[in-house]
Amino acid sequence: MDYIVFEIGIAVLLVALAGLLASKLRFSVVPFYILAGMAVGPHAPVFGIVDFRFIQSAELIEFMGKIGVIFLLFYLGLEFSVGRLVKAGRSIALGGTIYIGINFTLGLLYGLLTGFDLKEILVIAGITTISSSAIVAKVLVDLKRTANPETEMILGIIMFEDVFLAVYLSVLSGLLLSGATSVGGILLSAAIALGYMLLILIIGRKAVPLLNRVLNIQSNEIFMCVIFAALFLIAGFSETIHVAEAIGALLVGLVLAETSHMHRIEKIILPFRDFFGALFFFSFGLTIDPLSLGGNAVWLAIGAVIITMIGNYSAGMLAGKTANLSPQASSNVGLTIMSRGEFSIIVANLGAAGALSGILQPFAAIYVLILAILGPLLTKESKFIYKGVARVFRWNKQTNKS
């Protein structure tokens, strides 16, 4: 018997209960959505027609979660603009290079010090380098920080990471799955990803007057269909040239933020962002089996979390300094992009496909879970964290002296 609709109803109920609990405790909802997903899944019990394994609906929930990421990044783009991003272009490129350089180097060293082989070291470095764009977007919106001075650096680093990821996945796929890789192919992949992003931003900015006329539609129904068509077409096409769907959605948001219809789009998109975004974090939790988490993977993950927190915070401070951000804003950069998520799991799955050490997937799951929970909490308490760090390093005294 087909219980897909009923299973979706159970999933939404669990998400709602997790959200209510989070609001009662005054915590970020993201960790609660993830933990709700982890509590059920293939290992969960069945009570009559109530099947907590979500076998029939798992693919649909995953797809709805993917839509959630698209809406989250699209909305984040709407809250920003191409103009602000272009003005900060040089500092973003420098900040992104610093961020990737520090975190990737620390990932390589950590893999080396823990005794892994070269291919496994490269997988570990990939897992620990890339932040979760979905969690970052959710946190920025929830904490109402989209207008903060550091947000352009955070968005820039997210986009910079995607170019790096496109290149790195090409390299890693070649090494793990075919035993070799083409330098020309890698360079072409990077050039296509970067060129595509720049092309969308440049054409989009030039086309603002045309978009204002085209989107001058009275019917909300037709207006919404036009916006959704543009969003899903560009996000979907982006994936075909190895630019993440989420980044494609972000680009669409950045372009439409320049139009006179931005507030109307924002109002329409808001409920979709919240509903499908919640399902993304739930579906992400479904991919983590708590029964498989344990042993050496726990200690390996805890060590990686410590390394990531140090590297991320240092990278944020340095990247912010290059963009002339205040120390507190720079601190916010490092804390906001602390979370790891969907991209780390993708890299870990690539390691599994390459028949590498079996510890990599549980390690990635624990590592991602810890930082998916810690990231939003650290961001929420960023003011107190900065005050504590400033007191330790006596930044305030140095500022006063100067």
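Residue positions within a chain follow its written sequence, with the count starting from 1. This being a predicted model, a pLDDT of at least 70 is required before a residue's local features are given, and a value of 80 or more before pairs of side-chain atoms are given or counted; all residues contribute to the totals for chains, interfaces and linings. As a convention, hydrogens and water are excluded, and side-chain values are obtained from all of the structure's heavy atoms.

- By the naming in an unreviewed UniProt entry, the protein is CPA2 family monovalent cation:H+ antiporter-2, taken from Paenibacillus hunanensis.
- UniProt positions are given in the numbering used here, feature names are shortened, and annotations may be inferred rather than shown by experiment. Heading Sequence similarities (unreviewed entry) of the UniProt record for the protein holds this comment: "Belongs to the monovalent cation:proton antiporter 2 (CPA2) transporter (TC 2.A.37) family."
- Word for word, the UniProt comment on the protein under Subcellular location (unreviewed entry) is "Membrane".

**Examining the overall build of the protein**
Moving on, step 1. A tally of helices and strands in the protein yields 19 helices and 2 strands.
Moving on, step 2. Put simply, the radius of gyration uses C-alpha atoms, and a globule should come to 2.2 Å times the residue count raised to 0.38. Since a compact globule built from 402 residues should have a radius of gyration of about 21 Å, the 21 Å found for the protein is in line with a globular shape.
Moving on, step 3. Counting over 402 residues, the protein shows a buried share of 53%.
Moving on, step 4. A separation threshold of at least 6 residues defines the contact pool for the protein, and within that pool the share at least 24 residues apart is 83%.
Moving on, step 5. Method for areas: the Shrake-Rupley scheme with a 1.4 Å probe, in which residue coverage is limited to the protein chains shown. Carbon and sulfur atoms form 68% of the exposed surface of the protein, whose accessible area is close to 18,200 Å².
Moving on, step 6. Working convention for charge: Lys and Arg count positive, Asp and Glu count negative, and His plus the chain ends are omitted. A charge is said to be at NZ when it belongs to Lys, at CZ for Arg, at CG for Asp and at CD for Glu. Side chains of the protein give 26 positive and 22 negative charges; the mean places of these two sets differ by 16 Å. Labels follow the DSSP assignment, with helices taken as runs of H or I lasting at least four residues and strands as runs of E lasting at least two, numbered in each case from the N terminus. Only protein chains enter the accessibility calculation, which uses a 1.4 Å probe. A residue is then buried if its area is under 20% of the maximum for its type, exposed if over 50%, and partly exposed in between. Two residues form a contact once any of their heavy atoms are found within 4.5 Å.

**Focus on the side chain of S131**
Moving on, step 1. Locating S131 in the fold gives a position in the loop between α6 (118-129) and α7 (133-142).
Moving on, step 2. The exposure class assigned to S131 is buried, which follows from its relative accessible area of 1%.
Moving on, step 3. Whenever a nitrogen or oxygen atom comes within 3.5 Å of another N or O atom, the pair is scored as a polar contact, on the condition that within protein one atom can donate a hydrogen and the other can accept it, and that pairs from neighbouring residues in sequence are kept only if both atoms are in side chains. At 2.7 Å, the side chain of S131 forms a polar contact with the side chain of E161.
Moving on, step 4. Here S131 is in contact with Y99, E161, I337, S339, R340 and F343, once residues within four sequence places are set aside.

**What to know about the packing of aromatic side chains**
Moving on, step 1. For Phe, Tyr and Trp, where Trp contributes only its six-membered ring, two rings pair if their centres lie within 6.5 Å, and the inter-plane angle classes them as stacked under 30 degrees, edge-to-face over 60, or tilted in between. One pass over the structure, following the stated rule, counts 16 aromatic pairs.
Moving on, step 2. Between F71 and F232 the ring centres are 5.9 Å apart and the planes differ by 85°, which places this aromatic pair in the edge-to-face class. One end of the pair, F71, is in helix α3 (residues 58-79); the other, F232, is in helix α11 (residues 220-240), and 161 residues separate them in sequence.
Moving on, step 3. What makes F71 buried here is its relative accessible area of 2%.
Moving on, step 4. In this structure F232 comes out as partly exposed when scored by relative accessible area, which is 32%.
Moving on, step 5. With a centroid separation of 5.8 Å and 25° between ring planes, the pair formed by F363 and Y367 is classed as stacked.

**Observations regarding the side chain of E161**
Moving on, step 1. Structurally, the position occupied by E161 is in helix α8 (residues 151-178).
Moving on, step 2. A side-chain nitrogen of Lys or Arg and a carboxyl oxygen of Asp or Glu constitute a salt bridge if their distance falls within 4 Å. For the buried residue E161, which engages in no salt bridge, the nearest side chain bearing the opposite charge is R340, 5.6 Å off.
Moving on, step 3. Aside from chain neighbours lying at most four places away, what touches E161 is Y99, I100, T129, I130 and S131.

**Some thoughts on unusual backbone geometry**
Moving on, step 1. Residues other than glycine seldom take positive phi values, yet K144 does so here, at roughly 55°.
Moving on, step 2. Even without being glycine, N324 reaches a positive phi, approximately 60°.
Moving on, step 3. As for its position among the elements, N324 is in the loop between α14 (296-322) and α15 (327-336).
Moving on, step 4. Since its relative accessible area comes to 71%, N324 is described here as exposed.

**Focus: the nonpolar core**
For soluble globular proteins, the rule of thumb is that nonpolar side chains tend to be buried together.
Moving on, step 1. Buried Ala, Val, Leu, Ile, Met, Phe, Trp, Tyr and Cys residues that are joined via side-chain atoms within 4.5 Å together make up what is termed a nonpolar core. If you look at the biggest cluster of nonpolar residues, it comprises 134 residues, and the most contacted ones within it are L73, F74, L251, F281, F282, F363 and Y367.
Moving on, step 2. Contact partners of Y367, with chain neighbours within four places excluded, come to I127, T128, A301, A304, V305, T308 and R340.

**Details of the pattern of salt bridges**
Moving on, step 1. By the definition in use, this model includes 3 salt bridges.
Moving on, step 2. Here D142 ties to K138 by a salt bridge, and the two come within 3.7 Å at their closest N and O atoms. In this pair, D142 and K138 are both assigned in helix α7, 4 residues apart and thus about one turn of the helix distant.
Moving on, step 3. Taking the shortest distance from any N to any O, the salt bridge between D274 and R273 comes out at 2.6 Å.

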